[in-house]
Structures are given as C-alpha cells and as structure tokens.
Amino acid sequence: EVRLVESGGGLVQPGGSLRLSCAASGFTFSNYPMNWVRQAPGKGLEWVSTITTRGAGTSYADSVKGRFTISRDNAKNTVYLQMNTLKPEDTAVYYCNVRNTVVAGWDYWGQGTQVTVSS
C-alpha cells in the first residue's frame with residue numbers, strides 16, 4: 001500500500017521559515033520523481049515543486065522560486081520542502097504527491113499539512 005505522510009507544517013510569521021517532510025512507503029521511492037502541491041483557502045490545487053529520482057533535477061513554480069528548496073533522501077524514503085521568506089500568500093495545505101505517468105490511475109497523495117503565514 002502506497003503511503004505518504006507529511007509533517008512540519010504550522011503557524012509562522014511573515015519572513016519566517018518552515019521545513020516540510022514527506023515520508024513515503026509502499027513503493028520503490030528512488031524510482032519516482034516527487035512533487036509538492038498546495039491548496040490555498042478557497043482556491044484550486046497549485047503545483048509547487050518537483051524533484052527527480054536522484055535529486056539532480058528540481059523545478060519550482062514562479063511564485064516560490066528562490067524561496068523554496070526541494071530535496072530528498074532516498075535512504076530515508078523522504079522528500080523535503082524547505083520554505084524560507086514565507087509570505088501570507090503561501091498559506092495553504094501542502095501535499096506530497098507521487099504519480100506514474102505511464103500507469104493510469106497510479107497517483108497518490110498524502111493527507112496534507114497546514115502552513116499558515118500570519119503575524
């Protein structure tokens with residue numbers, strides 16, 4: 001059974017930092033790119049970042065580029081999202097996601113972790 005468990009969310013002041021973690025199990029973690037996706041209150045899902053299987057390649061939404069850093073530890077089956085210089089507009093539920101673009105329906109999400117940026 002594929003399982004993704006996020007942690008590390010919370011309340012932080014503007015300009016602060018948080019580090020999110022996503023622990024994965026039930027699949028060969030090192031074989032898959034991993035994604036972070038967020039959903040702000042009243043809005044749809046927004047892709048945040050992706051990291052390739054070995055971590056050599058990363059990509060970011062323009063809204064977080066230069067402030068967020070995605071990384072992974074394949075020995076620990078964990079993907080991270082370091083978030084710096086947080087803004088109120090970063091307030092959202094952050095989800096970890098893995099998908100197989102070849103196998104239809106192989107698309108898994110964690111339960112999400114709430115990040116609130118407010119003074």
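See the structure printed just above.
So, here is what we can say about the structure in this document.

The rules behind these values
- Residues numbered from 1 in each chain as written.
- Predicted model: local features only at pLDDT ≥ 70, side-chain atom pairs only at ≥ 80, totals over all residues.
- Heavy atoms only, no water.
- Salt bridge = Lys/Arg side-chain N within 4 Å of Asp/Glu carboxyl O.
- Buried < 20%, exposed > 50% of the residue type's maximum accessible area, 1.4 Å probe, protein only.
- Core = buried A, V, L, I, M, F, W, Y, C linked by side-chain atoms within 4.5 Å.
- Helix = DSSP H or I, 4+ residues; strand = E, 2+ residues; numbered from the N terminus.
- Phe/Tyr/Trp six-rings, centres within 6.5 Å; stacked < 30°, edge-to-face > 60°.
- Lys NZ or Arg CZ within 6 Å of the ring centre and 35° of its normal.

1. Structural notes on the pattern of salt bridges
Next up, step 1: Within this structure, the stated rule accounts for five salt bridges.
Next up, step 2: For the salt bridge of E46 with R38, the shortest nitrogen-to-oxygen distance reads 2.7 Å.
Next up, step 3: According to the relative accessible area criterion, E46 is partly exposed, its value standing at 31%.
Next up, step 4: Using a relative accessible area of 5% as the deciding quantity, one classes R38 as buried.
Next up, step 5: Among the ionic pairs, R99 bridges to D107, the shortest N-O distance being 4.0 Å.
Next up, step 6: Linked through salt bridges whose partners overlap, the residues forming this network are R38, E46, R67 and D90.

2. Concerning the nonpolar core
Next up, step 1: Core analysis: the largest hydrophobic core is formed by 31 residues, its most contacted members being F27, M34, W36, V79, L81, M83 and Y94.
Next up, step 2: Those elements that place two or more of their residues in this core are strand 3 (18-25), strand 4 (34-39), strand 5 (45-51), strand 7 (68-73), strand 8 (78-83), strand 9 (92-99) and strand 11 (113-117).

3. Examining the packing of aromatic side chains
Geometry of an aromatic ring pair is reported as the spacing of the ring centres plus the angle between the planes.
Next up, step 1: In total, this model carries six aromatic pairs according to the counting rule given.
Next up, step 2: Ring centres of F27 and W106 lie 5.7 Å apart, and the angle between their planes is 80°; on these two criteria the pair is classed as edge-to-face. Of this pair, F27 sits in the loop between strand 3 and strand 4 while W106 sits in the loop between strand 9 and strand 10 (107-109), and the two are 79 residues apart along the sequence.
Next up, step 3: Overall, the relative accessible area of 12% leaves F27 in the buried class.
Next up, step 4: The class of W106 is buried, set by a relative accessible area of 18%.
Next up, step 5: Between W106 and Y108 the ring centres are 5.0 Å apart and the planes differ by 80°, which places this aromatic pair in the edge-to-face class.
Next up, step 6: Residue Y108 is classed as partly exposed on the basis of its relative accessible area of 30%.
Next up, step 7: The ring of Y80 carries R19 above its face, with NZ or CZ at 3.9 Å from the centroid.

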